[in-house]
Amino acid sequence: MKLIALFVFGLWLSSSIACDCKTIPNPLNERVLDQGSHEFFLAEVTKMETKKEGKIKFNEYTVKVIKKYNLKNYVETLTFRTRAGKCQAEFEIGQQYLISTTRDKEKVRWTDQCHFKRELNNAKRYLDFLDTKYKS
């Protein structure tokens with residue numbers, strides 16, 4: 001019986017481990033901006049679709065860009081993805097967020113729960129910081 005309990009506990013523990021956030025820009029600071037690998041932008045979520053490509057399940061969000069900061073290839077709307085599962089970032093349609101994304105080899109934008117993300121009403125100090133760095 002003890003062996004079964006130990007096995008179940010080990011299985012639960014292995015499935016409940018959080019994402020590895022060692023290299024992700026949270027918190028936002030000068031060093032993160034100097035790396036240049038993350039794009040930061042303020043946006044309003046307008047659409048969400050659940051999709052699957054091969055074995056990868058993800059949510060694809062469409063957003064209206066409000067402020068670009070260091071966003072490469074600025075456009076008025078863009079899409080980004082977050083993988084389904086334990087590291088998935090969640091966004092609500094109609095809400096505004098300060099978001100960080102990275103791009104994969106195919107130039108698709110991705111984010112997850114380790115990336116920098118703040119709802120607009122909790123982002124004032126970060127917006128002030130970015131406003132001083134990226135005067136637009």
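Up top you'll find the structure we're talking about.
Note that the structure is predicted; figures quoted are calculated from it, not measured.

**Student:** Help me understand unusual backbone geometry, please; the structure alone is not making it clear to me.
**Tutor:** Note: most peptide bonds trans; most residues except glycine with negative phi. Unlike most non-glycine residues, Tyr69 shows phi in positive territory, near 50°. With respect to the helices and strands, Tyr69 occurs in the loop between strand S2 (56–67) and strand S3 (77–83). At Lys107, a position not held by glycine, the phi torsion is positive, near 70°. Within the secondary structure layout, Lys107 lies in the loop between strand S4 (96–103) and strand S5 (109–110).

**Student:** Where do I start with the nonpolar core in this structure?
**Tutor:** Nonpolar side chains tend to gather and get buried jointly when the protein is soluble and globular. Formed by 13 residues in total, the largest nonpolar core has its most connected members in Phe41, Val45, Val63, Leu78, Phe80, Phe91 and Ile99. When residues of this core are traced back to their parent elements, those giving at least two are strand S1 (39–53), S2, S3 and S4. If near-sequence neighbours (up to four positions away) are discounted, Phe91 is found in contact with Val45, Tyr61, Phe80, Tyr97, Ile99, Thr111 and Lys117. If you look at the next biggest cluster of nonpolar residues, it comprises twelve residues, including Val32, Phe40, Leu42 and Phe116.

**Student:** Looking at this structure, I do not really get the pattern of salt bridges. What am I missing?
**Tutor:** All told, the structure shown has eight salt bridges when counted by the stated rule. Across the pair Glu53 and Arg81 runs a salt bridge, and its minimum N-O distance is 3.2 Å. Within this pair, whereas Glu53 is found in strand S1, its partner Arg81 is found in strand S3, the two being separated by 28 residues in sequence. According to the relative accessible area criterion, Glu53 is partly exposed, its value standing at 46%. Several salt bridges share partner residues, and in doing so they unite Lys51, Glu53, Glu60 and Arg81 into one network.

**Student:** Can you help me understand the side chain of Asn70 in this one?
**Tutor:** With respect to the helices, strands and loops of the structure, Asn70 is situated in the loop between S2 and S3. The class of Asn70 is buried, set by a relative accessible area of 15%. Among the polar contacts listed, one links the side chain of Asn70 to the backbone oxygen of His38, at a separation of 2.9 Å.

Rules behind the numbers
Residues numbered from 1 in each chain as written. Predicted model: local features only at pLDDT ≥ 70, side-chain atom pairs only at ≥ 80, totals over all residues. Heavy atoms only, no water. Helix = DSSP H or I, 4+ residues; strand = E, 2+ residues; numbered from the N terminus. Core = buried A, V, L, I, M, F, W, Y, C linked by side-chain atoms within 4.5 Å. Buried < 20%, exposed > 50% of the residue type's maximum accessible area, 1.4 Å probe, protein only. Contact = heavy atoms within 4.5 Å. Salt bridge = Lys/Arg side-chain N within 4 Å of Asp/Glu carboxyl O. Polar contact = N/O pair within 3.5 Å; in protein donor to acceptor, adjacent residues only side chain to side chain.

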